[in-house]
Amino acid sequence: MNPAMALIAATPEHLPAAEQLSSQLDFPCLGVTDPREIGDFSQVLRCGERLELCATGRQAPGPVAVDFVGGALAHRRRFGGGRAQPVARAIGLRPGFYPRVLDATAGLGRDAFVLATLGCEVWMLERNPVVRLLLQDGLRRLQQAAAADTELVPAAGRLCLVDDTISAVDWLTQQDEDSWQVVYLDPMFPLGGKSAKVKKEMAAFHYLVGVDKDADQLLEPAFKACYYRTVVKRPRLAPCLAGKNPSLLLQGKSGRFDIYTKHGIPS
């Protein structure tokens, strides 16, 4: 939990929700406040039409929110390349095979949503309580949008957030062997020297979440819990998780997918 965090409301109408979250998280509530005017906290959660993580101060970047309906994910859903997308290829998706996936480090849920739009049932696990709230809010708005847009109904029905803030290592250790068809891992990695290329919003997300110091401990229980494969998303030049070379490698321009196979994907 980040101690440099507070709750604010976008409008007086949203103040009760901010006060409720303030009590739930044990963060102070600053009322209806502009984050650019705040100097005592580096980040705030803003309750409005959506829940947003906002950096503070005059030069703060834009807010971070989970948006499964509009923006970049809407474009990716329509024009992202379907099953040809690297994440889809990495998990082994093909006609007639739409695996049940555990995204054990869900973050903002972007890859999970893409896989859900392509036909996979995806369970998301996220231990950071603030990020879980952002995911919950994004799922709530997705369900609302699906009531009016039938194109969103299938994906909305395939996404599930595990109701637990336990670490992924501990949660995976408790899973039965071969209980998930695919386990997907995308642990937080330190920002590199070329961080100017990283979106400012994602830099704010990195500040909130920090680095997954137990990332290397994820691979063994993930592989035990999967039936077909464990897929690890990594920066292009990052070391392999736990120093173990993958069975397969899918390389991209800025990142890669390390694939640890247990059983062959059905043809």
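Everything numeric in this text was worked out from a predicted model, so none of it was measured.

## Looking at the pairing of strand β2 (residues 29–32)
Okay, so step 1: Pairing of strand β1 (residues 5–9) with β2, which is carried by two bridges, proceeds in the parallel orientation. Directly across from Leu 7, in β2, lies its bridge partner Cys 29.
Okay, so step 2: With helix α1 (residues 15–25) bridging β1 and its parallel neighbour β2, the resulting β-α-β unit is right-handed.

## Remarks on the packing of aromatic side chains
Okay, so step 1: According to the stated counting rule, one finds six aromatic pairs in the structure shown.
Okay, so step 2: Pairwise contacts between aromatic rings join Phe 97, Tyr 227 and Tyr 228 into one cluster.
Okay, so step 3: For Arg 100, the ring lying beneath its charged end belongs to Trp 180, and the centroid distance is 4.0 Å.
Okay, so step 4: Across the ring face of Phe 223, the terminal group of Lys 262 is positioned such that the distance to the ring centre comes to 5.0 Å.

## So, unusual backbone geometry
Okay, so step 1: One non-glycine residue, Asp 178, lies in positive phi territory at about 65°.
Okay, so step 2: With respect to the helices and strands, Asp 178 occurs in the loop between α7 (168–173) and β8 (180–185).
Okay, so step 3: In the Ramachandran plot, Ala 242 falls in the positive-phi region, its phi being about 60° despite a non-glycine side chain.
Okay, so step 4: Mapped onto the secondary structure, Ala 242 falls in the loop between β9 (226–235) and β10 (248–251).
Okay, so step 5: Under the relative-accessibility criterion, Ala 242 is labelled partly exposed at 33%.

## Notes on helix α4 (residues 110–117)
Okay, so step 1: Burial analysis of α4 places six of its eight residues in the buried class, which makes it a mostly covered element.
Okay, so step 2: Within α4, the full set of buried residues consists of Asp 111, Ala 112, Phe 113, Val 114, Leu 115 and Ala 116.
Okay, so step 3: Positive phi appears at Gly 119, one or two residues downstream of α4, with a value of about 115°.

## A look at the side chain of Glu 126
Okay, so step 1: Along the chain, Glu 126 turns up in the loop between β6 (122–124) and α5 (129–146).
Okay, so step 2: Here Glu 126 occupies a buried position and makes no salt bridge, while the nearest side chain of opposite charge, Arg 127, is found at 5.9 Å.
Okay, so step 3: One polar contact links the side chain of Glu 126 to the main-chain amide nitrogen of Gly 107, over a distance of 2.9 Å.
Okay, so step 4: Apart from the residues within four sequence positions on either side, Glu 126 is in contact with Thr 105, Ala 106, Gly 107, Val 131, Arg 132, Leu 135, Asp 164 and Thr 165.

## Observations regarding the layout of surface pockets
Okay, so step 1: As a volume, the second largest pocket reaches approximately 230 Å³.
Okay, so step 2: Forming the boundary of the second largest pocket are His 14, Ala 17, Leu 21, Cys 47, Gly 48, Glu 49, Arg 50, Leu 51, Leu 133, Gln 136, Asp 137 and Arg 140.
Okay, so step 3: When residues of the lining of the second largest pocket are traced back to their parent elements, those giving at least two are α1 and α5.
Okay, so step 4: Among the elements that take part in the lining of the second largest pocket, α5 stands out by supplying four residues, more than any other.

## With respect to the side chain of Asp 214
Okay, so step 1: Along the chain, the position of Asp 214 falls in the loop between α8 (200–209) and α9 (219–225).
Okay, so step 2: Judged by its relative accessible area of 17%, Asp 214 is buried.
Okay, so step 3: Once residues within four sequence positions are removed from consideration, Asp 214 is found in contact with Arg 127, Ser 167 and Val 169.

## Concerning the sheet that holds strand β3 (residues 43–47)
Okay, so step 1: One open sheet holds the four strands; their spatial order is β2-β1-β3-β4, and the pairing between them is mixed. Strand pairing shows two members of the sheet lacking a second neighbour, β2 and β4 (51–55), which therefore form its edges. With direction set aside, neighbouring strand axes in the sheet form an average angle of 25°.
Okay, so step 2: Where α1 meets the sheet, it contacts β1, β2, β3 and β4, and its direction lies at approximately 160° from that of β1.
Okay, so step 3: Sitting on the sheet, α5 is in contact with β1, β3 and β4, with an inclination near 135° to β4.

## Considerations on the pairing of strand β11 (residues 255–261)
In regular strands, side chains alternate between the two faces of the sheet.
Okay, so step 1: β11 sits mainly inside the fold: five of its seven residues count as buried.
Okay, so step 2: By the bridge criterion, seven bridges tie β9 to β11 in an arrangement that is antiparallel. Following the sheet pairing, Val 231 is matched in β11 by Ile 259.
Okay, so step 3: Relative to β11, β10 is paired through four bridges, and the arrangement is antiparallel. Looking at β11, one finds that Leu 249 is bridged to Asp 258.
Okay, so step 4: Linking two consecutive strands that pair antiparallel, namely β10 and β11, is a turn of three residues.

Cut-offs used in this document
Positions within a chain are numbered from 1, following the residues in the order the chain's sequence is written. Totals for whole chains, interfaces and linings use all residues, but because this is a predicted model, local features are given only for residues with pLDDT of at least 70 and pairs of side-chain atoms are given and counted only at 80 or more. Side-chain measures were taken over the full set of non-hydrogen atoms in the model, leaving aside hydrogen atoms and water. Following DSSP output, two strands are said to pair if at least two bridges run between them. For the purposes of this entry, the term helix denotes a DSSP run of H or I that reaches at least four residues, the term strand denotes a run of E that reaches at least two, and both are numbered from the N terminus. Think of it like this: strands point away, you trace from the first strand over the helix to the second, and a clockwise trace means the crossover is right-handed. Pairing of aromatic rings covers Phe, Tyr and Trp, the last counted by its six-membered ring, and requires centre-to-centre distances within 6.5 Å; plane angles under 30 degrees mean stacked, over 60 mean edge-to-face, and any other angle means tilted. Here, a charge over a ring is recorded when the distance from Lys NZ or Arg CZ to the ring centre is within 6 Å and its angle to the ring normal is within 35 degrees. Relative accessibility decides the category of a residue: with a 1.4 Å probe and only protein chains considered, values under 20% of the type maximum give buried, values over 50% give exposed, and everything between is partly exposed. Residues scored as charged are limited to Lys and Arg (positive) and Asp and Glu (negative), so that His and the chain ends carry no count. Salt bridges are identified by distance alone: a Lys or Arg side-chain nitrogen within 4 Å of an Asp or Glu carboxyl oxygen. What qualifies as a polar contact is a pair of N or O atoms within 3.5 Å, subject to a donor-acceptor requirement within protein and to the restriction that residues adjacent in sequence count only when both atoms come from side chains. In what follows, a contact means two residues having at least one pair of non-hydrogen atoms within 4.5 Å. With a 1 Å grid spanning the protein atoms alone, the term cavity applies to any set of points in which a 1.4 Å probe fits but cannot get out, the term pocket to an open set with protein on both sides within 12 Å along at least five of seven lines, and the term lining residue to any residue with an atom within 4 Å of a point. Grid points are joined across faces, edges and corners, and a volume is the space filled by probe spheres set on the points. To get an axis, fit a line to the C-alpha atoms, keeping to the stretch in contact for a helix; angles then go from 0 to 180 degrees between the N-to-C directions.

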